[in-house]
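Overview (structure and organization)
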Protein chains: 2
Amino acid sequence: MIKPQFRLDNQLCFRLYTASRLITQAYHPMLAEQGLTYPQYLVLMVLWEKDAQPVNDIAKRLRLETNTVTPLLKRMEAEGILTRTRGEEDARQIIVKLTKKGRDLQERLADVPEAIGSSLLCESVTPETIPGLYAMLDGIIRQLQEKQTNQ
Amino acid sequence: MIKPQFRLDNQLCFRLYTASRLITQAYHPMLAEQGLTYPQYLVLMVLWEKDAQPVNDIAKRLRLETNTVTPLLKRMEAEGILTRTRGEEDARQIIVKLTKKGRDLQERLADVPEAIGSSLLCESVTPETIPGLYAMLDGIIRQLQEKQTNQ
DNA sequence: CTTATTTATATCGTTCACGATGCAAATATA
DNA sequence: TATATTTGCATCGTGAACGATATAAATAAG
């Protein structure tokens, strides 16, 4: 017999893993319309917040490694969404800047957040309960983040 | 200026995506010790619950597609964790059975759930708040699951 | 009893994720 | 100033995920 702690239904991790995948799938049709993937959409949001950032800052903001972000950025450069240029003061850095196409995508995707947000609402997830959900996820993320960097 | 709905800090999806990745990373050292990945660990839990299942049932339980599960199972077969044999009554099915090595892994991994579970606890995530978190994630998953299958 | 459709699984191509490693520029140390 | 270390980014290999498509067995329809 399986030990109860191994049951999938008792696991927070499996729920997070599943929810994350299903949400990415929910984004897919809307993003694919503009030739984007979900991680690419995340990069766009980072650059819309603050344009012209080095690779490292983008990676840190997304909590990804540069070896994940570099090829991602190269693909987006090939699509004409952004440019990658050597830093002038520090020649090790690559400064990532949006092109007009990249900036314009904010308009083209304007309806996406609302569409996704409303599709998630249900009896247990409402405008009232979402702040609590955010707090719990932020707590988990902070907890794990510390654990990773402490070793 | 970026529209507020595009800010990463206002996005549930990014939190889920990040939390899911960080938890997988937290599992990594313990699972790697036994030569496993997190998705392979999920397959094990499905088979510990009920051994000798067709590929499709495993995929459904994990909410994955067979084209994700098939190569995963082949790698686990190559590691001697399970066997894949044609179904006798229905020759289209592949029945997946644990080997002794696969069954024994439950003992070898006995401390993993507790280690992960306790590493997630923080002020906003406690034994009291976790049922609420489960309910919200289950709500989101149900919501998205329905939307996917309805079209 | 054929032919058509459905079902179960697999193959293929693309894009992440990430550990391990490499390399060159910048900085610290001797 | 020469050498060592750190920093920023990239390359490589492996293992997911997944959309699109293929194939063969089972079942339904004619």
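Description of the structure in this document. Keep in mind it's a predicted model, so treat the numbers as computed, not measured. (Residues numbered from 1 in each chain as written. Chains lettered and ligands numbered in written order. Predicted model: local features only at pLDDT ≥ 70, side-chain atom pairs only at ≥ 80, totals over all residues. Heavy atoms only, no water.)

**Brief notes about the interface of chain A and chain B**
Each partner contributes to the interface: chain A provides 63 residues, whereas chain B provides 63 residues. Overall, the association of chain A and chain B removes approximately 6,500 Å² of surface from exposure, summing both partners, and the carbon and sulfur fraction of that is 66%. In terms of surface lost to chain B, no three residues of chain A exceed A:Phe6, A:Arg15 and A:Met136, which account for 11% of the buried area on that side. Connecting chain A to chain B are 8 salt bridges. A salt bridge links B:Arg61 to A:Asp9; the shortest N-O distance between them is 3.4 Å. The interface formed by chain A and chain B includes 26 residue pairs in polar contact (both at pLDDT 80 or more). Elements supplying a minimum of two residues to the side of chain A that touches chain B: α1 (12–32), α2 (38–49), α3 (55–62), α5 (100–108), α6 (112–120) and α7 (130–149) of chain A. No other element matches α1(A), which puts 15 residues into the side of chain A that touches chain B. A per-class count over the side of chain A that touches chain B returns 38 nonpolar, 14 polar and 11 charged. (Contact = heavy atoms within 4.5 Å. Buried area = accessible area lost by both parts, 1.4 Å probe. Salt bridge = Lys/Arg side-chain N within 4 Å of Asp/Glu carboxyl O. Polar contact = N/O pair within 3.5 Å; in protein donor to acceptor, adjacent residues only side chain to side chain. Helix = DSSP H or I, 4+ residues; strand = E, 2+ residues; numbered from the N terminus. Nonpolar A, V, L, I, M, F, W, Y, C, P; charged D, E, K, R; others polar.)

**Concerning the pairing of strand β3 (residues 94–98) of chain A**
The two faces of the sheet receive side chains in turn, since in a regular strand these alternate between them. All names here are of chain A. Of all 5 residues making up β3, 4 are buried, and the element is well covered by its neighbours. Sheet topology places strand β1 (residues 53–54) next to β3; 2 bridges connect them, and they run antiparallel. Across the sheet, residue Pro54 finds its bridge partner in β3, namely Ile95. As paired elements, strand β2 (residues 82–86) and β3 share 5 bridges and run antiparallel to each other. Considered in β3, the bridge of Arg84 is made with Val96. (Buried < 20%, exposed > 50% of the residue type's maximum accessible area, 1.4 Å probe, protein only. Pairing = 2+ DSSP bridges.)

**Focus on the protein's contact with DNA strand C**
Taken together, 27 residues surround DNA strand C, and among them A:Arg75, B:Tyr17, B:Gln25, B:Lys74 and B:Arg84 come closest. Near the protein, within 4 Å, the atoms of DNA strand C are sugar or phosphate in 73% of cases. Contact between DNA strand C and B:Arg84: a phosphate oxygen at 2.3 Å from a side-chain N or O atom of the residue. A distance of 2.9 Å separates a phosphate oxygen of DNA strand C from a polar atom in the backbone of B:Ile94. If you list the elements that add at least two residues to the surface near DNA strand C, you get α2 and α4 (66–78) of chain A together with α1 (12–32), α3 (55–62) and α4 (66–78) of chain B. When grouped by side-chain class, the residues that make up the surface near DNA strand C number 8 nonpolar, 11 polar and 8 charged. (Near = heavy atom within 4 Å.)

**Details of the sheet that holds β1(A)**
Residues and elements named next belong to chain A. One open sheet holds the 3 strands; their spatial order is β1-β3-β2, and the pairing between them is antiparallel. Among the strands making up the open sheet, the edge pair consists of β1 and β2. Against the sheet, α4 makes contact with β2 and β3, and its axis sits at roughly 120° relative to β2, the strand it touches most. (Axes fitted to C-alpha atoms, helices over the stretch in contact; angles between N-to-C directions.)

**Some remarks on the relation of the copies chain A and chain B**
The pair of chain copies shares a relation made of a rotation about an axis and a shift along it. Placing chain A over chain B gives an RMSD of 0.0 Å and needs a rotation angle of 180°, together with 0.0 Å of translation along the axis. Seen this way, the second copy is the image of the first under a two-fold rotation axis. Ranked by how close their C-alpha atoms come to the rotation axis, the residues of chain A are headed by A:Leu16, at 3.1 Å. Mapped onto chain B, 100% of the interface residues of chain A again fall at the interface, so both copies present the same surface. (Least-squares fit on C-alpha atoms with pLDDT ≥ 70 in both.)

**Let's talk about the protein's contact with DNA strand D**
As a structural note, the neighbourhood of DNA strand D is formed by 27 residues, with A:Tyr17, A:Gln25, A:Thr70, A:Arg84 and B:Arg75 the closest of them. Restricting attention to atoms of DNA strand D within 4 Å of the protein, one finds that 73% of them are sugar or phosphate atoms. A:Tyr17 places a polar side-chain atom, nitrogen or oxygen, 2.5 Å from a phosphate oxygen of DNA strand D. One nitrogen or oxygen atom from the side chain of B:Asn67 is found 2.7 Å from a base oxygen belonging to DNA strand D.

**Description of the sheet that holds strand β3 (residues 94–98) of chain B**
Residues and elements named next belong to chain B. Pairing within the open sheet is antiparallel, and its 3 strands lie in the order β1-β3-β2. Either end of the sheet is taken by a strand with one partner, and the two such strands are β1 (53–54) and β2 (82–86). Against the sheet, α4 contacts β2 and β3, and its axis sits at roughly 120° relative to β2.

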